[in-house]
Amino acid sequence: PGVTMSWVVGQSVYCADPEQGWLPGKVTAVGAKITVEKTAGGNADCDPKTEVCAISETASEGCDDMLSLDVLNTAAILQNLRTRVDADKFYTMVGSILVSVNPFKSLDIYSPANLRSYIEAPPSARLDPHIFKVAKAAYENMMKTDDSQSIIISGESGAGKTEATKYVLKYLTTVSSADGGDSNQLEQMILDTNPVLEAFGNAKTVRNNNSSRFGKYFAVKFNKRGEIVGGSITNYLLEKSRVVSPAPNERNYHIFYQFCAGASPEEKERYHLRPANEFRYLGDTITIDGVDDASDYAEMARAMHVVGINGREQDGARRCLSAILHLGNIEFAKKDEESCEIKTPKEIEIVAELLEVKVETVRDALSVKTMSTGGVARRGSVYKIPLKLKEATDARDAIAKALYGRLFNWLVKKVSAALAPSAMAVLDVPMTIGVLDIFGFEVMPHNSFEQLCINYANEKLHQQFINYVLKNEMEEYEKEELGIKIDFKDNADMVTTIEKQHGGILSMLQEQVQLGQRGSDKAYVERMQQELGKSPHWSKPRIGPLKFVCNHYAGAVEYDADGMLEKNKDALYSDLEAIVDGSDDKSIAQIMKDGNSASASSSKNARKVPTVSSEFKAQLTQLVTVLTSCNPHYIRCVKPTDLKVPQVFDGCKVAQQLNYSGVLETVQVRKAGYGVRYEKEQFSKNFRICLGISAPLTPPEELLTKMGVDKAMWILGKTKVFIKNEMTLLTMENKKDEISKGSVVIIQKYYRRHRAKKELARLRELDRKRKEEERKKREEEERKRREEEARREAERLKKEAEEAKVAAAAASAAADAAKKQQEEEKQKKAAEAAAAAEAEAEKTRAERKEVEKEAKAEEKKKKATGPMGFKRRKLNPLDKPLAPKNYAPVLPGQLPDKPVSHEGFLYKEGGKGMKLGRFNNWTHRWFKLRHGELTYYADKDCRDMKGSIGLDSTCAVRDVPEDEVRKLPVKGVGDHFFQLVSPTRSMKISADTVKDKQEWMDKIAVAIRQIKAKEKGADKEPEAGAEAAESETVTVWLPDNSSIDLPITKRTTAKDIFMKVVDAVGVTKGLQYFALVEETMEGVYPSCRVCSESENISAKLANKENSRVIFKKVVFVDRQTDTMGMENKVVLNFQYAQAVHDVLHYFHLPEEECLDLAALQFRCCQGQYMPEKHTKGCLMKHIHEYIPNHMLSQVADKAEEWEEAILKRISFLNPVSSDQCKHQYVQLSMKSETYGSSLYFVAKKQDPEHKLLLTVNATGIHLISLPDLVLRQSFPYEKIVKWGRSQTSFNIIQGNEQWMFETKQGEEVNKFMGIYVRMLVDRKQREAAAEARRFSNVP
């Protein structure tokens, strides 16, 4: 456009379109106006100079580099972009500059595989345009030149800058990782900065749902190996006004909505959170379609931990956020024209609590302003001036903006600190790749201070872009005298108009702030009118006293100065500072201190008031300096439509953005210019090989001609060679590589020949050495042969000498034999005399042994009769022993020699299978018994083994204890249960049929017997002694005289044995009342001691032939609360068996009660009464089994009478079950004062020979005389004043009497006294509490 051309009817052209910018069509009429028929439909009359331009044939194909377009104009560029967007190709190159069009949809071009393809591509590869391509160029250029790089990403809101930044960082963190793949911890931390910064710095706008409301420069630091060693972030111009007043259809910053949606109930209570729609600062737009704020909050919290923000600091940040929200809910009411009052005092209290400042401080800051007169050196006055309604509202909003601004600054600093290189890495950080994500040029319906700063930044960056891409290019062409001239717009004057020190737009704004109360927005506009009224870059519109216009490089923008001074101020007056800086919470105080950028700037120039514009200007100047020192790469992001939907291309909008970003000028310069340049000497050295491996150094012009490079693709300057584009250079590089490869082949040929000669010489030397070694070997063998012959001759001579010596020895031996015979005869006579004497002595010893044998028999008989002379009882008081009986199969013949084997399906307890019963889970498994090992699998194919049990001589197979049967499943896993018990575990198993159960129990039992038989045979070998010593067996006795044999080792403790017995007998309740008791016979009196959990059973029982271990109940609660355990048969059996033992041996009950007990015992042991079997005389041989010791002295006279009485009582017990009889027996035995006692044999110190039985139970201590078993004395616990014990005695003081007993079991007595006394005290306390409650309820 703008060029006069001759248009012809039928010619294809572009014509201007008010909606799409430019559209293709054909000329249908030529005149003052050109009539064009649009391809899309419709005709248009166009100005031939400004509204028609030549069409591009290549643009319709969609060139990936717009420098390749055959026709260069705005319309061709737009069509090229539209063609590529329609083909889902959203990236296009302009030389080295990438144009990125926002697709507004997800793409599959960012996958790890695609990322890997760009990383692994060689430098000479032709890659499709992509963000990864720009990042790759920056990284490889850095590694090649050791120079720092920068990637400048620009574009308007919604153009995709934030996503572009993410993918650049993704490429850099991946390519730099040590293994070339997954990111390490530091690189992952860089990626995790995005969720944090986006949450606090991004917001929904009308143009973009995730718009960055601040600029950031992310500097990624690398070492010389190309590995990331750290990073830093600089933020620019956060939009703080959004905190207090988000625009309609927009949101505040994401973090507020995430906090309200994702906080836990505890956090909501702690931080006084409410739903987001209840906070005024959060506006009316609460949610975004497709965005889960709660999920984003969780991701943000995770990322905060990753980037090094600890829990205390996070708590401070959350307090600040909630305080800001509650500040927005503070409302004011007008009192009069000069003051106002606070309507919501509750919100004031919440803010004060969250920030940990005094309530009065917050209230005063929002209702009055403190003013002072006088200087530092003289006394002044302090005034409290009430705030008007608008002033109070402004103060509230100022605090909120200050809090959020400092919080954001602190957050960026914390993230940068976490990314800082380590002390060692700092020494090796020569290179940086900086990624700039900066806001694009903005033209809003209402433009204020924020837009002025943003557009100033774009002017500054555009100037840097012009200097690098355009201005420097032109200066280079002029210096080299190429004669190339391209016109472009230079915005240096506009930049100077904004930033010059005196009379600049920003400096005049600073002046008004410096004036304090005298400065105003109106004075600011008037001052600009004076200084810039005649400038072509500034103008004053007629309408609007506070309006002014700046003519930027991207177009004119009208600004409204109303409120600019207030927005520019970065300091709070003292009352508001007291809130922001006065927190008692250390974390909040640190956040406010570190985040106060104004304090840093004010400290440098105390006389200059800190402002937002001055700080921003300084930051921007520093940024441009950094960018200038780096090799820049540009990504221009373009937003194709304001609708935020895919497949829509607004040509007018895109053309406007291309103009803003300088892409159109770049295309013109790069198209007309030369993008690649070399120093002439460097070029000749680099490409001389293209004329031959030994070609001399050739001038560049001759070299290019001989290489056949098109003359239009290169030009020579004074000192440099200029090449049109990178494709031409790539062609030359490829040719050089081909020639280099040919030269390499020749070098390889000569090298291989040299290496072959060297190898031949080495082989010849090896052959010479081999022959020399063979000669030496033959000489050595000859020497050894001669030595062997000499040795054999010497042995022959030696043998002859030895034979002569043997003959002489034989003669001497014959003489000695005769002499020896004579001596033997003498010895024989002496032996016969000694034998006679020995026989006499043996007779004497035999007589002595007989006497000793009779004495031992008498002692044994004495022991067998007990201390009272009664005969020991042998019958079991129970119909079924307490100890489970191991299963033993009945074999038809001898034990088979071949190891037994068997397999089939069974159910086993455990394995997280089907849930059946209260405590069981069962699984169906395929079991195999092989070589003494029981293995089970998931299925019959035996592929997935689930576990195994190795059988040994200590294992046993038995039925499940009766008390545990009721806990087993009733259906679903078979009905026939048994259990396998090993030293380490017990497994319950179920079979489907009785036959299967019997067969499996037979097989397992036979396998155990085979193992025992094999070990028994092995014990005869001497080597087995050490093994046998490692494993022993202990017999544990139960109260009914049944026993259990358990394996033990040197490390087995009493607790281990206790738990095995509990599992075997099935005790499930009241375990605290049971114990293992060691019983030792001291003469005729047993001594009992409760074993502690940790004591070693093997060591305790070693060398104790008269000791045994008993498992019994040792603690009985009082008669009122003790239960017989009717619901637990095992506990009932234990109580019953112990009661039978105590009644028969130690209790002294009346005769009638003893006969009742005898009948109950008979019923439990022998079953129901049968007249034909239980006749007179049937009990006479066993009457002592049912009659207690104190009645046995009358057995001769009353045996028949007792038998008759017992049988009579038994006949009435048939309807009563065995368990009921046991229950009645225990209840009757409770009538004895000594029921449930622990028994100890003692003697009074005054009469040591008189033995007494001391018993300890729940009622007290009792003394029983022996052997008549009569209760002599009781000591109730309530009457015992004091007791004591030692290793040989036990003492009791009751009233004024002191009883002293000799016993070695004083500690045991004391132990049980302590248990029962504590129980008594607890009961008394409960009764007292109940009595107190009863009286408290009485009216």
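In this report, we go over the structure that sits alongside the text. These numbers were taken from a predicted model, which means no experiment stands behind them.

In terms of regular secondary structure, the protein chain is built from 39 helices and 43 strands. Of all 1339 residues assigned to the protein chain, the portion counted as buried reaches 46%. In the protein chain, once contacts between residues fewer than 6 apart in sequence are set aside, the share between residues at least 24 apart is 64%. Summed over its atoms, the accessible surface of the protein chain is roughly 69,700 Å², and 51% of this surface lies on carbon and sulfur atoms.

For the rest of this paragraph, the subject is the nonpolar core. Residues Val-168, Tyr-171, Leu-172, Phe-200, Ile-255, Phe-256 and Tyr-404 are the most contacted members of the largest nonpolar core, which totals 109 residues. Residue contributions to this core peak at 15 residues, all from helix H14 (residues 389-419). Discounting chain neighbours no more than four positions away, the residues touching Val-168 are Ile-131, Ala-135, Ile-151, Ile-153, Val-435 and Ile-635. The next biggest cluster of nonpolar side chains, apart from the first, holds 91 residues, and it includes Ala-1205, Leu-1253, Ile-1264 and Phe-1275.

A few words on the side chain of Lys-161. Within the fold, Lys-161 resides in helix H4 (residues 161-175). One buried charge, Lys-161, has no salt-bridge partner; the nearest side chain with opposite charge is Asp-437, at 5.0 Å. Polar side-chain contacts of Lys-161 include one of 3.0 Å to the backbone oxygen of Gly-155. Within the structure, the side chain of Lys-161 is placed 3.2 Å from the backbone oxygen of Glu-156, a separation counted as a polar contact. Non-local contacts of Lys-161, meaning those with residues more than four positions away in its chain, are made with Ile-153, Ser-154, Gly-155, Glu-156, Asp-437, Ile-438, Phe-439, Gly-440 and Cys-637.

A few words now on the packing of helix H6 (residues 193-201) against helix H8 (residues 254-262). Between two packed helices, what matters for the description is the angle formed by their axes and the separation of those axes. H8 packs onto H6 with a crossing angle of 100° between their chain directions and a minimal axis gap of 5 Å. As far as their axial angle goes, H8 and H6 are roughly perpendicular. Mapping the contact onto sequence places Glu-198, Ala-199 and Phe-200 in H6 and His-254, Ile-255 and Gln-258 in H8. Its residues assigned to classes, the contact of H6 with H8 comprises three nonpolar, two polar and one charged.

What follows is about the pattern of salt bridges. By the definition in use, this model includes 74 salt bridges. A salt bridge links Lys-105 to Asp-88, with the nearest nitrogen and oxygen atoms 3.0 Å apart. Of this pair, Lys-105 sits in the loop between strand E7 (97-101) and helix H2 (112-120) while Asp-88 is found in the loop between helix H1 (74-86) and strand E6 (91-94), placing the two residues 17 residues apart along the sequence. The class of Lys-105 is partly exposed, set by a relative accessible area of 32%. Owing to a relative accessible area of 40%, Asp-88 belongs among the partly exposed residues under this scheme. Residue Lys-1311 pairs with Glu-1308 through a salt bridge whose shortest N-O separation is 3.2 Å. One end of the pair, Lys-1311, and the other, Glu-1308, are both in helix H39 (residues 1306-1336), three residues apart, so they sit about a helical turn from each other.

Strand order in the open sheet formed by three strands is E22-E24-E23, with antiparallel pairing between adjacent strands. The two strands at the open ends of the sheet, each matched to only one other strand, are strand E22 (676-679) and strand E23 (714-716). Neighbour-to-neighbour, the strand axes of the sheet open up by a mean angle of 20°, direction not taken into account. Contacts from helix H27 (residues 680-687) reach E22 and strand E24 (720-723) within the one sheet, and its direction differs from that of E22 by about 95°.

Another aspect to go through is the environment of Tyr-217. With respect to the element layout, Tyr-217 can be found in strand E11 (residues 215-222). Here Tyr-217 falls in the buried class, since its relative accessible area comes to 7%. Spatially, the C-alpha atoms of Tyr-217 and Asp-437 are 6.3 Å apart, while their sequence positions differ by 220 residues. In contact with Tyr-217, not counting residues within four places along its chain, are Ser-150, Ser-232, Ile-233, Thr-234, Tyr-236, Gly-434, Val-435, Leu-436, Leu-623, Val-626 and Leu-627.

As a further point, take the pairing of E11. Most of E11 is tucked away, with seven of its eight residues classed as buried. Hairpin connection of E11 to strand E12 (residues 228-236): five residues between the antiparallel strands, including Gly-226 at a positive phi of 80°. By the bridge criterion, seven bridges tie E11 to strand E17 (residues 431-437) in an arrangement that is antiparallel. When the bridges of E17 are listed, Lys-216 appears paired with Asp-437.

What follows is about the pairing of strand E3 (residues 34-38). For E3, the tally of buried residues reaches four of five residues, placing the bulk of the element in the interior. Judged from the four bridges that link them, strand E2 (residues 21-29) and E3 form a sheet pairing that is antiparallel. Each bridged residue has a counterpart across the sheet, and for Lys-26 the counterpart in E3 is Glu-37. Between the end of E2 and the start of E3, which pair antiparallel, lie four residues.

To continue, consider the sheet that holds strand E19 (residues 547-552). In space, the three strands of this open sheet follow the order E18-E19-E20, with antiparallel pairing throughout. Whereas interior strands pair on both sides, the edge strands pair on one side only; in this sheet they are strand E18 (538-539) and strand E20 (555-560). The pairing of E18 with E19 spans two bridges and is antiparallel. When the bridges of E19 are listed, Trp-538 appears paired with Cys-550.

Most of H8 is tucked away, with seven of its nine residues classed as buried. Among the residues of H8, those classed as buried are His-254, Ile-255, Phe-256, Tyr-257, Gln-258, Phe-259 and Cys-260. As for H8, its buried residues are in contact with H6, strand E9 (202-203), helix H9 (265-270), helix H10 (293-306), helix H11 (311-328) and H14.

Looking now at the packing of aromatic side chains. Considering all chains together, one arrives at 33 aromatic pairs under this definition. Measuring from ring centre to ring centre gives 3.9 Å for Tyr-110 and Tyr-167, while their planes differ by 5°; the resulting arrangement is stacked. Of the two residues, Tyr-110 is situated in the loop between E7 and H2 and Tyr-167 in helix H4; the sequence distance between them amounts to 57 residues. The partly exposed category is assigned to Tyr-167, whose relative accessible area is 22%. One aromatic cluster is present, formed by Tyr-110, Tyr-118, Phe-132, Tyr-167 and Tyr-171 through successive ring pairs. Over the ring of Phe-465 we find Arg-636; its NZ or CZ atom is 4.4 Å from the centre of that ring.

What follows deals with helix H25 (residues 651-661). Each turn of an α-helix holds 3.6 residues, which means side chains three or four residues apart point in the same direction. Counting buried positions along H25 yields eight of eleven residues, so the element is predominantly enclosed. Every buried residue of H25 is listed here: Gly-651, Lys-653, Val-654, Ala-655, Gln-657, Leu-658, Tyr-660 and Ser-661. Its side-chain oxygen placed 3.3 Å from the backbone nitrogen of Cys-652, Asp-650 serves as the N-cap of H25. Of the residues one or two after H25, Gly-662 is the one with positive phi, at around 80°.

Rules used throughout
Residues numbered from 1 in each chain as written. Predicted model: local features only at pLDDT ≥ 70, side-chain atom pairs only at ≥ 80, totals over all residues. Heavy atoms only, no water. Helix = DSSP H or I, 4+ residues; strand = E, 2+ residues; numbered from the N terminus. Buried < 20%, exposed > 50% of the residue type's maximum accessible area, 1.4 Å probe, protein only. Contact = heavy atoms within 4.5 Å. Areas by Shrake-Rupley, 256 points an atom, 1.4 Å probe, with all protein chains shown as cover. Core = buried A, V, L, I, M, F, W, Y, C linked by side-chain atoms within 4.5 Å. Lys, Arg positive; Asp, Glu negative; His and termini not counted. Salt bridge = Lys/Arg side-chain N within 4 Å of Asp/Glu carboxyl O. Polar contact = N/O pair within 3.5 Å; in protein donor to acceptor, adjacent residues only side chain to side chain. Axes fitted to C-alpha atoms, helices over the stretch in contact; angles between N-to-C directions. Parallel < 35°, antiparallel > 145°, perpendicular 65-115°, else oblique. Nonpolar A, V, L, I, M, F, W, Y, C, P; charged D, E, K, R; others polar. Pairing = 2+ DSSP bridges. Phe/Tyr/Trp six-rings, centres within 6.5 Å; stacked < 30°, edge-to-face > 60°. Lys NZ or Arg CZ within 6 Å of the ring centre and 35° of its normal.

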